[in-house]
Each structure stands twice: as C-alpha cells, then as structure tokens.
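# Structural characterization, general
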Amino acid sequence: MLLKLIQNEWMKLFSRIGTYVMCGILLLGLVTTAAFTFYTKTQEEDLPSKEQWEQELLQENENLAVDEQETNNNYILNYARSNQAINTYRIENDISPYEVTNVWTYIESNNMLIQLIGVFIIIVGASIVAHEFNKGTIKLLLVRSASRNQILASKFITTILFGLFLLALLFGLSFVVGSILFGFDGTAVHLSYIDGEVVERSRILFLGLSYLSSSVKLVMLTSFAFMISTIFRNETIAIALSVMLMFVGSQATNILALFTDWAKYSLFANTNLDVYFTNGPMVEGMTLLFSVVVLIIYLSLFLFLAFLFFKKRDVSI
Amino acid sequence: MQEPMLSLQKVNKMIGRNHIIRDLSFDVNPGEIFGFLGPNGAGKTTTIRMVVGLTGISSGDIRINDFSITKDYKNAIQYVGTIVENPELYPYLTAEKNLLHYARMSKNVTKEDIKQRLELVRLSHVRDQKVSRFSLGMKQRLGIAQAMLHNPKVLILDEPTNGLDPAGVREMRDYLRKVAKEENIAILVSSHLLSEMELMCDRFAIIQNGKLVKVEEVSSEGQMDVASFYRIEVDEPNKAKKLLLDKYVDEVGLDDEIIRVNVTKEKIGKIITFLTNNDMTIYEVIREKQTLEDRFLEATEGEVS
Ligand SMILES: Nc1ncnc2c1ncn2[C@@H]1O[C@H](COP(=O)(O)OP(=O)(O)OP(=O)(O)O)[C@@H](O)[C@H]1O
Ligand SMILES: [Mg+2]
C-alpha cells in the first residue's frame with residue numbers, strides 16, 4: 001500500500017507546473033555557474049608562483065594569529081588555528097592553494113545551489129499536505145482504506161525522495177558539464193585540520209561529504225516545514241517560517257554561541273556535520289555522535305508532532 | 001428482514017460546547033435510496049463526515065455492513081464510496097489519472113474498471129483532459145465514478161445535485177436509481193432540495209438542529225387509508241358544500257368556486273357518487289399532491305429557533 005501511495009504522490013508532484021519550474025530554475029543555475037566558471041577559469045599560466053602564494057599565506061597567518069589572540073569565540077578561534085596550520089602545511093609540503101579550474105572545483109562551487117534546492121524542497125514539504133487541505137482533496141484521500149499514518153508517511157517519503165532527486169540531478173549534471181568544460185587536471189587532494197593535525201583527503205570523498213552534510217540540513221528543514229504545514233494546514237506559514245529559519249538559523253545560532261554553551265543543543269549548531277572533518281565544532285566539546293543524536297531527537301520530535309496532529313484532528317473543510 | 005447496510009445508532013457530536021448532532025439513529029438498506037433532508041446548518045454534512053470517518057463521533061456508533069467506523073475503520077470504509085460536499089478532484093490531473101490515483105488506493109481495481117466507469121458516466125471522450133477544464137456537471141459525474149470505482153456497497157453523497165442544471169439533475173437521479181437497483185447498493189443522499197428528493201428517494205429522514213424529526217416513506221400518500229386534499233370542480237359549488245358538510249366531512253373549503261376537502265381515497269369515491277346522485281355535474285377532481293416541501297414544513301414547524 002505504502003508503495004502505491006508514494007507512486008500517487010510522485011504522480012501528483014510531477015503533474016504540477018511548479019515542480020517543472022523548480023527543475024528549470026536549477027538547470028538555469030547550473031548553466032549560469034558553468035558559464036561564469038568558464039569565463040573566469042584559471043589556467044596554468046594564471047597561477048601565481050610559489051614565492052607569491054607563500055608570501056600571501058604568510059601574511060594571512062599573521063592576521064589569523066592576531067584574531068586568535070583577540071577572540072574568545074570558540075568558532076573563530078578554531079577557524080584561525082586550523083587555517084594557520086593548513087597554510088603552514090601547504091608551505092612546507094609545496095601544495096599551492098591555487099589550482100587550475102577542473103571538474104572538482106566546479107562541483108564545489110555549485111555547492112551554493114544546494115541552498116536553492118533547500119528552498120525548493122521546503123516548498124514541496126510545506127505544500128504536499130497543506131495543498132490537499134486548501135483544495136479539499138484531502139477528504140477523498142482519507143476516506144479509503146489507507147490509514148492516516150500511511151498517507152502522511154507516503155507524503156514525507158516523497159518529499160525526501162524529491163530532495164534526493166534534485167541533489168542527484170545537481171551532482172550528476174555538475175559532473176557531466178564540469179568534466180566536459182573543465183576536465184580533470186589539478187590536485188585531487190583536500191586538506192583539513194583534525195585534532196591538531198593536518199590531514200590530506202581525497203577530493204571526491206570530501207565533496208561527497210559536503211553534499212551529504214548539506215543534505216542533512218535539508219532533511220531537517222524539510223521535516224520542520226512538513227510539521228508546520230501539517231499542524232497549521234497552511235502552506236504560506238510553513239514556507240515562510242522554514243525559509244526564514246534556513247537563512248537566519250545558522251547566524252542566530254552563531255550569535256547565541258557567543259553567550260552560552262547551551263547553543264550546542266540548538267538545531268543549527270548540529271546540522272553542519274562536515275565541521276567535524278574540517279575546522280571543528282561551534283562549541284568546544286561537541287562530537288559527531290553528539291550532533292547525530294541531537295539531530296535524531298529533533299527529527300523525531302518534528303515527525304512525531306506531524307503524525308500526532310494529522311491522526312487526531314477532525315477534517316472539517 | 002434484511003440487515004441494514006448502514007446503521008446510525010444514537011449518534012451524538014459535540015464540537016466545543018455545541019451539541020451539533022443529538023441521538024441520531026436511522027438505517028439504510030441495500031438497494032434503497034435514503035434521503036437525508038434538513039435546512040442549512042441542520043447537521044447533514046457533519047453527520048456525513050462522521051459516517052465516512054473524517055470526523056470523530058462523540059457518542060453512539062455508526063456501522064457499515066456491521067463494521068464499526070470508529071473501531072474497525074479499515075474494514076468499514078472499504079464498503080463506502082462517497083462525495084463530501086463538492087467532488088474535490090485534483091484539477092491538475094486528467095480524468096483518467098484522477099481515477100488511477102484512487103484505484104491504487106483500493107484492492108482489485110484494474111485499468112479496465114477505470115475505463116468502464118468512465119464510460120458509464122460518459123466521460124471517455126475527455127479522459128485525457130485535465131479536470132481543471134471540466135464543467136461542474138462533468139466534475140460531479142467524475143466524482144460519482146470515483147465513488148463507485150471500488151464497487152462499494154454504500155454510497156454516501158452530500159448534495160450531489162448541487163449546482164447541476166435540470167438535465168444534469170435528472171441524469172444524476174436516473175443513474176443513482178439504476179445503480180441502487182442493479183448493484184443493490186444502499187445510497188444515502190443529503191439535500192435541502194425537497195422536490196428533488198421526492199423523485200429520487202424511497203425513504204427519507206428529516207433533521208433539524210441536529211435532531212431527527214421523522215423518517216417516512218416517500219410513496220405513503222395515495223394509499224386507501226391516507227388522507228389527502230382533493231379539489232372538486234362542480235356546477236353548483238355552494239349547494240355541494242352544504243350537502244357535504246351535512247353528510248361527509250366537518251370542513252369544506254370553497255375557494256374560487258372550487259371545493260376543497262381533506263379525505264381518504266376511499267371516501268372521495270363515495271363523495272363523487274353522492275354528488276352525481278344529487279344531480280350535480282362534476283367537471284374535475286384533482287388530488288393535491290402533498291410535496292415533501294409541505295411535509296417538511298409541517299414536520300419542522302414551530303421548531304425553528
Ligand atoms: N468545525 C465546526 N465547528 C463548530 N461548529 C461547526 C463546525 N462544523 C459545523 N458546525 C456547526 O454545525 C452545524 C451543522 O453544520 P453542517 O455543515 O453539518 O450543516 P448542513 O446540514 O450540512 O448545512 P448545509 O445545508 O448548509 O450544508 C452548523 O450550525 C454549524 O455551524
Ligand atoms: Mg452541508
């Protein structure tokens with residue numbers, strides 16, 4: 001039954017114009033970044049010499065050292081420390097921070113399109129339930145032998161699948177376009193600073209990781225939108241609240257972190273899982289496990305409330 | 001005696017402090033069209049929402065094919081096809097895809113069934129058109145196809161003729177009569193269009209302010225022992241009135257030279273013979289058809305708060 005319900009939701013999703021507009025905008029974004037990257041791409045002869053970039057990194061390290069002295073924010077402190085270490089590592093091992101544009105730098109720059117995907121699946125998550133209430137179609141949907149839980153589950157799963165679909169579209173097309181336009185030349189290594197040590201990582205692994213980490217944030221925001229839309233049965237409220245949360249949530253948490261360690265329990269202190277593989281967490285003492293547990297608690301809370309309200313409330317439209 | 005297909009048993013509904021439905025009980029049998037009449041705000045839609053499980057029941061029980069809608073929802077609801085208020089279909093899907101959508105939610109509904117239902121409601125030619133382009137009549141018909149898709153045993157329709165033109169109303173009526181008889185389905189139809197119900201239903205209930213006022217057979221008039229009003233056009237109305245008051249009835253109306261009496265069918269026969277025997281010429285005798293409208297007003301009279 002659940003499978004058929006998901007099939008239904010997918011059919012409805014892809015019968016609406018909005019869905020195609022979203023895919024269109026995403027493609028447009030890809031084309032734009034491809035064109036931009038193409039016309040500003042760095043080639044072998046543009047790369048600065050070793051003396052030049054060494055000079056730059058030394059200068060940067062001096063600035064960072066000042067920051068390190070002056071700040072008491074853990075996040076800024078970590079940032080200053082890890083970047084100094086990485087810069088030193090680059091100088092010692094002759095790994096330039098500059099490289100010719102290649103498929104990996106292109107995919108990396110497309111990471112910002114994930115924000116766009118975020119807005120899209122928030123819209124889908126917010127409307128997939130509320131829209132049926134607005135149009136009254138929820139009545140004919142509920143008076144069948146599928147349980148309310150099954151119906152809500154099918155809608156949630158469809159939303160997540162749609163998000164994965166967009167991510168796959170982005171990643172896949174970025175790879176295809178990038179490899180045609182920019183090729184595979186360049187260093188395939190990514191440096192990160194973990195537990196006081198600089199580590200070399202494969203570029204592809206790092207890209208996968210950062211896409212994955214972005215998706216975690218998307219899942220959380222989508223569940224939030226989904227919950228709000230199920231409780232209030234209103235798409236506009238759900239979209240507005242969630243998009244707002246998406247754009248100001250991280251900043252608000254950063255500010256909160258200046259004042260109190262309690263910030264580590266907030267949702268957005270935990271959504272950027274890749275900090276555990278790069279600069280370190282926002283608040284000292286947080287671990288990957290801690291973040292995962294916090295995320296699971298938030299997710300369960302959102303979904304629990306959504307299911308509770310959907311099951312219990314009368315439908316009187 | 002056959003088992004009722006749908007049975008409401010002392011159903012109550014409270015919303016907040018408002019007692020919207022009070023101790024409502026009635027049965028609908030297979031093959032029967034049961035009218036559910038009441039003025040605006042009487043509680044028809046609320047009752048129907050309870051029957052199909054969209055809204056909880058405060059007390060009492062509703063049984064469909066003897067499964068309780070509250071305790072055994074899955075079993076009960078599989079026998080039900082319904083339209084609650086308007087047929088709210090997906091405007092951005094085609095007619096066929098709308099039906100496919102509901103077919104996937106029921107067991108054993110094939111592509112062939114979808115095709116057949118579309119044919120029955122005469123929508124085959126527009127199966128690939130989006131519902132947003134449909135007229136109201138087409139939407140109502142697709143709504144019926146949707147409700148009948150999984151061969152339900154109970155059909156529950158809230159104001160199915162709402163917004164239809166006379167031809168559409170007639171078509172809907174004929175279709176419902178046909179499926180009630182041929183597929184032996186119990187049909188519950190709500191309406192405030194009394195004249196419409198009279199032509200469609202076998203029995204009907206009248207509710208007002210959430211309370212059942214009465215349940216009646218539509219065809220109870222015209223029987224031998226049921227009194228109706230008769231109008232008699234006769235050449236000497238004043239003389240006739242006098243004679244009738246003497247001999248047969250307590251009250252005789254005389255309006256525009258036409259005699260009006262309230263008697264049984266049996267008695268009117270005697271009156272005709274009596275007047276003829278007294279050398280009067282009878283031009284016309286008409287039984288005034290008492291409409292549901294009259295009965296409705298009669299039944300709800302004085303209860304309007
Ligand atoms: N969700 C609700 N909350 C409070 N009161 C409600 C609610 N829904 C309905 N009512 C009240 O219940 C009563 C019955 O409403 P209902 O819609 O069932 O009437 P109806 O017989 O279908 O009327 P109509 O002929 O206008 O469709 C009305 O007085 C209405 O105000
Ligand atoms: Mg109503």
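Residues numbered from 1 in each chain as written. Chains lettered and ligands numbered in written order. Predicted model: local features only at pLDDT ≥ 70, side-chain atom pairs only at ≥ 80, totals over all residues. Heavy atoms only, no water.

Named according to an unreviewed UniProt entry, chain B is ABC-2 type transport system ATP-binding protein originating from Oceanobacillus limi. Note on chain B: under the UniProt heading Sequence similarities (unreviewed entry), the record states "Belongs to the ABC transporter superfamily." (UniProt positions renumbered as here; feature names shortened; annotations may be inferred.)

The name an unreviewed UniProt entry gives chain A is ABC-2 type transport system permease protein, with Oceanobacillus limi as the organism.

This part takes up the packing of helix α6 (residues 113-135) of chain A against helix α9 (residues 203-232) of chain A. All names here are of chain A. Put simply, α6 and α9 touch, their axes get as near as 8 Å, and they point 25° apart. The angle between the axes of α6 and α9 places the two elements in the roughly parallel class. In this structure, the crossing between α6 and α9 has a hand that is right-handed. Facing α6, whose interface residues are I114, I117, G118, I121, I122, G125, A126, I128, V129 and A130, α9 presents Y211, S214, L218, L221, T222, A225, F226, S229 and T230. Split by residue class, the contact of α6 with α9 holds 13 nonpolar, 6 polar and no charged. (Axes fitted to C-alpha atoms, helices over the stretch in contact; angles between N-to-C directions. Helix = DSSP H or I, 4+ residues; strand = E, 2+ residues; numbered from the N terminus. Parallel < 35°, antiparallel > 145°, perpendicular 65-115°, else oblique. Left-handed = near helix turned anticlockwise from the far one by under 90°. Contact = heavy atoms within 4.5 Å. Nonpolar A, V, L, I, M, F, W, Y, C, P; charged D, E, K, R; others polar.)

Turn by turn, an α-helix covers 3.6 residues, leaving residues three or four places apart pointing in a common direction. Residue and element names in this part refer to chain A. Counted at 1.5 Å a residue, the expected span for helix α2 (residues 17-39) with its 23 residues is 33 Å, and the 33 Å between its end C-alpha atoms agrees. For α2, the complete set of buried residues consists of T19, M22, C23, L26, G29, L30, T33, A34 and T37. Its buried side turned inward, α2 meets α1 (2-13), α5 (103-109), α6 and α8 (148-181). (Expected span 1.5 Å × (residues − 1). Buried < 20%, exposed > 50% of the residue type's maximum accessible area, 1.4 Å probe, protein only.)

All right, on to the interface of chain A and chain B then. On the side of chain B, 27 residues touch chain A, which itself brings 29 residues to the contact. Taking both partners together, chain A and chain B bury about 2700 Å²; carbon and sulfur atoms supply 58% of that area. Counting the surface chain A buries against chain B, the share from its top three residues, L140, V143 and R144 of chain A, is 26%. Between chain A and chain B we count 2 salt bridges in total. (Buried area = accessible area lost by both parts, 1.4 Å probe. Salt bridge = Lys/Arg side-chain N within 4 Å of Asp/Glu carboxyl O.)

A few words on the UniProt feature "transmembrane region" (unreviewed entry) in chain A. All names here are of chain A. The UniProt entry lists residues 20-39, 112-130, 151-184, 204-226, 238-259 and 288-310 under the feature "transmembrane region" (unreviewed entry), expressed in the numbering used here. Overall, residues 112-130 shows 95% helix and 0% strand. The separation of its end C-alpha atoms is 28 Å. With 100% helix and 0% strand, the stretch residues 204-226 has end C-alpha atoms that lie 32 Å from each other.

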